[in-house]
Amino acid sequence: MLIKDIMTKNVITVSPEMKIHKLAELFIDKNISGAPVVDEAGKLLGVVKEEGVIFQDKKVHLPTFINLSFGFITLGSERYNEEIKKITASTVSSIMEKDITTINPNIEIEDAATLMLEKEIYYLPVVDKDKLVGLITKKDIVRAIAKEKA
């Protein structure tokens, strides 16, 4: 069986300009934990998940400074800068994951399951020629296994 046989085809998507509070409302209203971010042409730009929304309430970990005889060394400043950007974000584009793994609709389900387990990712946009055509999650894989055994 192929991914296209079990993927969600009517995917709820969001735009990069969507406000984060609207995104949170969408997640609650639709009972979803993530959404692909697409442009006007349907090209996949990234993925936004609940974790990005939750980040808004995260405590900031300040960088560590080490005083040496020749000056200071700052540890964790890059992480600090990234956290500040996410905490102060107001739109989806600021909290979305841009470096994401995608999958082709003509891949076998077993290959998708292997990919999910090996990379520990359970939310895979299905893309054909840079266009979002569906979505596959771990629940879709479990559902397919259950139907197969029935």
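All chains use their own residue numbering, which begins from 1 and follows the written sequence. The model is predicted, so local features are restricted to residues of pLDDT at least 70 and side-chain atom pairs to those at 80 or more, both for listing and for counting; the totals for chains, interfaces and linings are taken over all residues. Side-chain measures were taken over the full set of non-hydrogen atoms in the model, leaving aside hydrogen atoms and water.

Novice: Looking at this structure, how should I read the pairing of strand β5 (residues 123-128)?
Specialist: Along any regular strand the residues' side chains alternate between the sheet's two faces. Within β5, five of the six residues are buried, which leaves it mostly tucked inside the rest of the structure. For two strands to be treated as a pair, DSSP must find at least two bridges joining them. Starting at the N terminus, helices and strands are each numbered in turn, a helix being any DSSP run of H or I of at least four residues and a strand any DSSP run of E of at least two. In this structure, β5 lies alongside strand β6 (residues 131-137), joined through six bridges in antiparallel fashion. Note on β6: the bridge partner recorded for Tyr 123 is Thr 137. Connecting the antiparallel pair β5 and β6 is a turn made up of two residues, with Lys 129 showing a positive phi of about 55°. Between buried and exposed lies partly exposed: a residue is buried under 20% and exposed over 50% of the maximum accessible area for its type, with that area taken using a 1.4 Å probe on protein chains only.

Novice: Please clarify how the nonpolar core should be interpreted in this entry.
Specialist: Note on soluble globular proteins: their nonpolar side chains tend to be buried together. We define a nonpolar core as any set of buried Ala, Val, Leu, Ile, Met, Phe, Trp, Tyr and Cys residues linked to one another through side-chain atoms lying within 4.5 Å. By size, the foremost hydrophobic cluster in this structure holds 20 residues, and its most contacted members are Val 14, Leu 23, Val 48 and Val 92. Broken down by element, the residue count for this core peaks at four residues, all from helix α2 (residues 20-30). Contacts: residue pairs with any heavy atoms within 4.5 Å of one another. Leave out the neighbours within four places in its chain, and Val 48 touches Val 14, Leu 23, Phe 27, Gly 34, Ala 35, Val 37, Val 92, Ile 95 and Met 96. Membership of the second largest hydrophobic core comes to 13 residues, among which are Met 7, Ala 112, Ile 121 and Ile 136.

Novice: Hey, could you run me through the pattern of salt bridges in this one?
Specialist: It is possible for side chains bearing opposite charge to pair when their charged atoms get close. By definition, a salt bridge exists where a carboxyl oxygen of Asp or Glu is found within 4 Å of a side-chain nitrogen of Lys or Arg. Across all of its chains, the model carries three salt bridges by this definition. The salt bridge involving Lys 22 is made with Glu 25; its shortest N-O contact spans 3.7 Å. Residue Lys 22 and its partner Glu 25 are located together in helix α2, separated by three residues, close to a single helical turn. The partly exposed category is assigned to Lys 22, whose relative accessible area is 43%. Across the salt bridge formed by Glu 97 and Lys 49, the nearest N and O atoms sit 3.6 Å from each other. Pair noted here: Glu 97 is in the loop between α5 (92-95) and α6 (109-119) and Lys 49 is in strand β2 (residues 44-49), with a separation of 48 residues, a long-range link. Judged by its relative accessible area of 35%, Glu 97 falls in the partly exposed class.

Novice: I tried to follow unusual backbone geometry on my own but got confused; where do I start?
Specialist: Most of the time, phi is negative for any residue but glycine, and the peptide bond is trans. Located in the positive-phi region is Glu 120, a residue other than glycine, with phi close to 55°. If you trace the backbone, Glu 120 turns up in the loop between α6 and β5.

Novice: Before we go on, may I ask you to explain α6 in this structure?
Specialist: Every α-helix winds through 3.6 residues per turn, so residues three or four apart in the chain are directed the same way. All buried positions along α6 are accounted for by Ile 109, Ala 112 and Met 116. Down the axis of α6, the sector holding all buried residues measures 60°, keeping them to one side. Among the exposed residues of α6, those pointing more than 90 degrees away from its buried face are Leu 117 and Glu 118. Of the residues flanking the end of α6, it is Glu 120, one or two places downstream, whose phi is positive at about 55°. The directions considered for the arc are those from the helix axis to the C-beta atoms.

Novice: Where do I start with the packing of aromatic side chains in this structure?
Specialist: Working definition: an aromatic ring pair is given by the centre-to-centre distance plus the angle between the planes. Here the aromatic set is Phe, Tyr and Trp, taking the six-membered ring for Trp, and pairing holds for ring centres within 6.5 Å; pairs whose planes are under 30 degrees apart are stacked, those over 60 apart are edge-to-face, and all others are tilted. Taken as a whole, this structure holds zero aromatic pairs when the rule is applied. Either the NZ atom of lysine or the CZ atom of arginine qualifies as a charge over a ring when it sits within 6 Å of the ring centre and within 35 degrees of the ring normal. When the ring centre of Tyr 122 is taken as origin, the NZ or CZ atom of Lys 138, which lies over that ring, is 5.1 Å away.

Novice: Please explain the pairing of β2 as it appears in this structure.
Specialist: Bridge count for strand β1 (residues 34-38) against β2 is five bridges, and the pairing is antiparallel. The residue bridging Gly 34 from the neighbouring strand is Lys 49, located in β2. Taking the residues between adjacent antiparallel strands as the criterion, β1 and β2 are bridged by five residues, where Gly 42 takes a positive phi near 90°.

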